[in-house]
Amino acid sequence: MKLFSESHKTVFVVDHCPYMAESCRQHVEFDMLTKNRTQGIIPLAPISKSLWTCAVEASVEYCRIMYDIFPFKKLVNFIVSDSCSRILNSWSQEDQNLQELMAALASIGPPNPRADPECCSILHGLVAAVESLCKITDYQHESRTVLMENADRVANRGRIICLTNAKSDSHVQMLEDCVSETIHEHNKLAAGSDHLMQIQKCELVLIHTYPVGDDSLVSDRPKKELSSVLTSEVHSVRAGRHLATKLNHLVQLHFDLASTTITNIPMKPTLSVSDQEEQHANTSANYDVELLHHKDAHLEFIKNGEGNSREATLKETVTLKWCTPRTNSIELHYCTGAFRISPVDVNSRPSSCLTNFLLNGRSVLLEQPRKSGSKVISHMLSSHGGEIFLHTLSSTRSILEDPPSISEGCGGRVTDYRITDFGEFMRENRLMPFLDQQYRIDGTPEVPLERSKCQLERYTRYWPMIISQTTIFNMQAVVPLASVIVKETLTEEDVLNCQKTIYNLVDMERKNDPLPISTAGTRGKGPKRDEQYRIMWNELETLVRAHINSSERHQRVMECLLACRSKPPEEEERKKRGRKREDKEDKPAGKDYEHDKKWTESEKMKTSIDREKEDLAEAEIIKDSPDSPEPPNKKPHIVIEDVTPIEKTKGPMSLLSLWSSRINAANSRKHQEFFGRTNSVNNKAELYQHLKEENGTDPVENGKAGRQ
């Protein structure tokens, strides 16, 4: 669809009812220019404008800025509403100028304060505005002629700006309902007509203006969508300079304009613009001039986030410094864009002097104000055919020169691109001629272009462009996995290679091998070794998880990775104890420290006992197997006869108690308990208990007699 934005058609509806003749109550000194006043003469009283005058001046200033910057394809239709609607101009390009508009407004004259207010209404103008939007402009007619049978593809959009003095919020809602119903009715009429167009989108901007000092009876409201065709916004503004500022702000929003303030403009007290003035510019005063233009002239400033905020005028401006011209306009400058300008205060002396200076064939270079470093000339003011343009000069590398190397980066800031890896990526994804038709598993023909797109999508699911942003792609150990995981299907050999790669990474972490972590832009030595491996594992998981849904074998690789990432409990406990040991070394000795030390030793012993239990259990299982051989390095069984029972004591257990409990637990599983020890007293068993009873003598005494 060939779109015409809302700014293509703008309809001004200005209220001409009797209440608009009321004073705005913003006084202007009428006799302030009289210097040599004769004594005894009373000065003239100050005057004030009417609401009608303030509305007309603000709307005409809106049109002036629009005509200066967009002399074509941006059209305005001016309507005055009182007892009926009076259209002052048409959509024809010949009527789009300030001379025709000012002459028509002069013929209308100010509103009559003695007219009957019951016969006057702003509704007449709003209905006429909707009818005007349905009319076809010359530009729309040309587009429809070019498209011929597809003429319906030409869109019709517009904007209605209504300046009135509303009575209340309910009055404003009534005006919005009237516009909505009128659009609905006229779209029905336009659907069956060849000379009208339906309205696809309409913006209604209601501006309620009231005298200075009075309270507003209407509240502001941001843009609101009333229907699929109509959006509305309400502005409550005091008359006078406040209304002019509001229209100046709206014209920038409606036409995507930006502001540039030129500072340090040298001017003499006279209005001459001769070369002698330029030579004596150092002795003249400096002035500032604010210009409006399309926002694309500030494209470089927007990218760099520059610009000075001006909250007082509800807009932003970019400050550029005047450079005293040394050359004529015939000298060529490399420009990237040219945009028409319009002074904000067109009647001021600085704006008039600058305009006359440029129209006489001179050019002005503008530089960015900087506190340090060399000056950067970014813009130039020059006139062409009686119109003044703001030229955007190229302050970076020219596109006419040799293209920059990819290693220079975007703007010279990023230089560590993966150039070699990108070359390998291009070699792996070269397009080949289509020879034989291939079919999918379900028997449907496979389109080569779609297959190529799918392959590119798989290869680029995770592909960092900068070396410093990746770890795994800088490691040779990950190459077997990274080159295989991007495949659409994996074989068993591919899965084994991926698992082998993961095991190698686990072995590297166990050996505490260094990783190629980039320390660019970081202070100190960079992250610690544990943090480096954590970053590596996270990135590897991101790569594998991006292809987890490709096939079941991809899922197996992911499961292997997750299993290897989970540390054994004894390793985690060992790291935890190491961290606790470091903390204890830094802590001063004391009563609490000795107590914590005992607890630490006991916990360490408990962990070693649990580990020994697991080893013994495994050995017992192996031994119970009939085919298992006897272990070559079998530890001798340790028997401790004098084992004191574990007594319940206050505080942590002693090392002897822990060791005894460990031995008892291990021995209880190895053999049946000795009968004599079970009947012993205080863990002491008497040997040869029945020998004395059989021989009738004491075995100890018989031994002594034998030796004698």
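Residues numbered from 1 in each chain as written. Predicted model: local features only at pLDDT ≥ 70, side-chain atom pairs only at ≥ 80, totals over all residues. Heavy atoms only, no water.

## A closer look at the side chain of R64
Here's step 1: By the element assignment, R64 lies in helix α1 (residues 51–69).
Here's step 2: A polar contact of 3.1 Å, which involves the side chain of R64, links it to the side chain of S342.
Here's step 3: Non-local contacts of R64, meaning those with residues more than four positions away in its chain, are made with L98, S342, P343, V344 and V346. (Helix = DSSP H or I, 4+ residues; strand = E, 2+ residues; numbered from the N terminus. Polar contact = N/O pair within 3.5 Å; in protein donor to acceptor, adjacent residues only side chain to side chain. Contact = heavy atoms within 4.5 Å.)

## So, the packing of aromatic side chains
Ring pairs (aromatic) are described by centroid distance and by the angle formed between their planes.
Here's step 1: Scanning the entire structure with this criterion turns up 10 aromatic pairs.
Here's step 2: Taken together, a centroid distance of 5.7 Å and an interplanar angle of 20° make the contact between F12 and F78 stacked. Placement of the pair is F12 in strand β1 (residues 9–15) and F78 in strand β4 (residues 75–81), with a sequence separation of 66 residues. In this structure, F12 and F78 share a single accessibility class: buried.
Here's step 3: Members of the aromatic cluster, connected to one another through ring pairs, are F12, Y62, F70, F78 and F255.
Here's step 4: Taking NZ or CZ as reference, R418 lies 4.1 Å from the ring centre of W463, over its face.
Here's step 5: Over the ring of F473 we find R418; its NZ or CZ atom is 4.4 Å from the centre of that ring. (Phe/Tyr/Trp six-rings, centres within 6.5 Å; stacked < 30°, edge-to-face > 60°. Buried < 20%, exposed > 50% of the residue type's maximum accessible area, 1.4 Å probe, protein only. Lys NZ or Arg CZ within 6 Å of the ring centre and 35° of its normal.)

## Notes on the side chain of E6
Here's step 1: Looking at the secondary structure, you find E6 in the segment before β1.
Here's step 2: Those residues in contact with E6, other than ones at most four positions away along the chain, are R157, G158, R159, K201 and E203.

## Re the pattern of salt bridges
Here's step 1: Applying the stated criterion across every chain, the model contains 21 salt bridges.
Here's step 2: In this structure, E57 engages K49 in a salt bridge whose closest nitrogen and oxygen atoms are separated by 2.8 Å.
Here's step 3: One salt bridge connects E176 with R221, and the closest N-O pair in it is separated by 2.4 Å. Here R221 lies in strand β8 (residues 221–225) and E176 lies in helix α5 (residues 169–191), a separation of 45 residues in the sequence.
Here's step 4: Assessed through its relative accessible area of 23%, R221 is described here as partly exposed. (Salt bridge = Lys/Arg side-chain N within 4 Å of Asp/Glu carboxyl O.)

## Remarks on the packing of helix α3 (residues 123–133) against α5
Here's step 1: As a packed pair, α3 and α5 sit with axes 9 Å apart at the nearest point and diverge in direction by 35°. Crossing geometry of α3 relative to α5 is assigned as right-handed. In this structure, α3 contributes L123, L126, V127, V130 and E131 to the contact, and α5 contributes M174, L175, C178, V179, T182, I183 and H186.
Here's step 2: Here the residues of the contact of α3 with α5 are counted per class, giving nine nonpolar, two polar and one charged. (Axes fitted to C-alpha atoms, helices over the stretch in contact; angles between N-to-C directions. Left-handed = near helix turned anticlockwise from the far one by under 90°. Nonpolar A, V, L, I, M, F, W, Y, C, P; charged D, E, K, R; others polar.)

## What about the state of the cysteines?
Here's step 1: Applying the stated criterion across every chain yields a total of zero disulfides.
Here's step 2: Free of any disulfide, C134 has its nearest cysteine sulfur in C202, 9.3 Å distant. (Disulfide = S-S within 2.5 Å.)

## Re the packing of helix α13 (residues 492–511) against helix α15 (residues 552–565)
Here's step 1: Relative to each other, α13 and α15 sit at 15°, their axes nearing to 10 Å. One element, α13, and the other, α15, form an angle in the roughly parallel class. By crossing handedness, the relation of α13 to α15 is classed as right-handed. Where α13 abuts α15, its residues E492, V495, C498, Q499, I502, Y503 and V506 lie against R553, R556, V557, C560, L561 and C564.
Here's step 2: Among the residues forming the contact of α13 with α15, the class breakdown is nine nonpolar, one polar and three charged. (Parallel < 35°, antiparallel > 145°, perpendicular 65-115°, else oblique.)

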